[in-house]
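# Descriptive structure summary
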Amino acid sequence: AQCLLVRTGRSAPEGAPAWLNACQQPSAAGQGAPRIGLLLPRSGKFAGLADVQHAAPAAAIKVLAGPAADAVQVTWQDAGSSPAEAKQAAQALIGAGADLLVGPVGPGNVEAAAEVVAGSGGRVRLVIPGEGAGAVVGVAPTLEARAGVLAQSVGRLGRTTVIVLAPDNAYGKRAVAALEKSLPRSGVKSLKTIYYPANTTSFSKVLDPVRASLKGAAVVIPDQIGRVELVVRQLVRDGFAVDRPKQPGLPILSTAEGLGPDAMAAGHEILDGVLVAPVAWPTADATGFADAYATMEGEPPGDQAWLVWRAVSRAWSGGEQAPPAAAVLRVESGRLVATEPAVSLAPEERSKAPAR
């Protein structure tokens with residue numbers, strides 16, 4: 001009975017036998033291998049993230065735990081795609097003894113999981129593989145921060161006219177609101193916004209109202225990288241070249257959701273020169289994870305895998321790291337290269353970053 005009480009986090013009573021120390025709950029604080037609860041979706045509208053978000057923790061644990069990886073106790077629960085499902089899954093993981101939870105995704109689901117974690121009295125930590133919310137630790141820069149650094153890039157390029165093309169949904173409207181605040185601070189005097197249906201696949205008619213205004217302007221597209229590519233292809237058909245070092249043209253900037261090696265691979269060279277403020281990207285301190293993930297999956301990690309790596313890594317270290325900063329990078333020859341010295345990239349990419 002005393003052993004079970006100690007396992008729940010209570011102190012051993014005075015004069016208790018020494019063997020009770022073996023009943024102490026392992027924790028991430030160094031007393032033993034942490035018990036990690038993966039609160040990630042396998043069903044519902046977020047199920048498309050399942051493969052990536054479940055491969056990434058396995059690679060992350062191999063890197064973080066090293067030879068002791070087999071001792072790490074990992075519990076999985078389907079977070080589903082609704083607050084009720086996320087709450088039930090969080091309760092199950094905490095009931096199984098998890099010290100730290102990674103996930104879920106979706107604002108309502110995060111709120112539900114945070115409510116459960118708050119009831120643990122500080123025993124359990126929650127780290128989100130995305131933006132933080134309130135007291136919840138996140139590992140992605142906010143959309144507002146990413147819009148802000150894109151606006152700064154527009155200012156450095158000296159463009160005072162900006163065309164914003166955004167999907168007509170909650171994400172697009174939030175991004176536009178952030179850009180409308182940050183672009184004027186960067187010297188932009190003329191701002192035109194065009195919304196398009198979120199499932200648009202042809203952009204010829206979308207661009208009709210602004211074609212005459214594009215010369216000397218910059219185009220900002222807060223959207224999925226696949227749809228950004230469709231816009232770029234239409235602009236190239238219209239005779240515009242993407243601005244890049246040693247090739248003056250039309251600056252195109254994006255939040256580039258879903259950015260990964262496959263989106264920049266052979267056949268997508270048309271994206272070369274596009275400036276992106278991604279949600280996550282390769283960094284020099286995570287080459288071990290990139291290698292482990294590629295060995296397991298046969299391909300490098302994309303932005304969702306990087307988010308899970310950052311979440312597991314932060315949870316492992318106690319969640320005390322500094323908030324993530326947004327950064328602007330350039331797509332070049334299937335890679336991301338730095339646009340300014342402060343941006344951290346994997347070593348082989350950093351050395352190739354051209355000055356601008």
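Before any of the text, the structure's been laid out above.
To start, this report covers the structure provided alongside it.

Moving on, we get to the overall build of the protein chain. The helix and strand inventory of the protein chain stands at 11 helices and 12 strands. Looking at the protein chain as a whole, 49% of its 356 residues are labelled buried. Here the analysis covers contacts within the protein chain between residues at least 6 apart in sequence; of these, 70% occur between residues at least 24 apart. When the accessible surface of the protein chain is totalled, it reaches about 16,100 Å², and 53% of it is carbon and sulfur.

The subject of this paragraph is the packing of helix 2 (residues 50-65) against helix 10 (residues 303-316). Direction vectors running N to C along helix 2 and helix 10 enclose 40 degrees, while the axes themselves pass 8 Å from each other. It follows from the interaxial angle that helix 2 and helix 10 lie oblique. For the crossing formed where helix 2 meets helix 10, the hand is right-handed. Along the contact surface, helix 2 presents Val52, Gln53, Ala56, Pro57, Ala60, Val63, Leu64 and Ala65, while helix 10 presents Gln304, Ala305, Val308, Trp309, Val312, Ser313 and Trp316. The residue makeup of the contact of helix 2 with helix 10, split by class, is 12 nonpolar, 3 polar and no charged.

The next point concerns the environment of Gly267. Relative to the assigned elements, Gly267 resides in the loop between strand 9 (252-254) and strand 10 (275-276). Classification of Gly267 as partly exposed rests on a relative accessible area of 44%. For the pair Gly267 and Gly334, spaced 67 residues apart in sequence, the C-alpha separation works out to 9.6 Å.

The rules behind the values
Residues numbered from 1 in each chain as written. Predicted model: local features only at pLDDT ≥ 70, side-chain atom pairs only at ≥ 80, totals over all residues. Heavy atoms only, no water. Helix = DSSP H or I, 4+ residues; strand = E, 2+ residues; numbered from the N terminus. Buried < 20%, exposed > 50% of the residue type's maximum accessible area, 1.4 Å probe, protein only. Contact = heavy atoms within 4.5 Å. Areas by Shrake-Rupley, 256 points an atom, 1.4 Å probe, with all protein chains shown as cover. Axes fitted to C-alpha atoms, helices over the stretch in contact; angles between N-to-C directions. Parallel < 35°, antiparallel > 145°, perpendicular 65-115°, else oblique. Left-handed = near helix turned anticlockwise from the far one by under 90°. Nonpolar A, V, L, I, M, F, W, Y, C, P; charged D, E, K, R; others polar.

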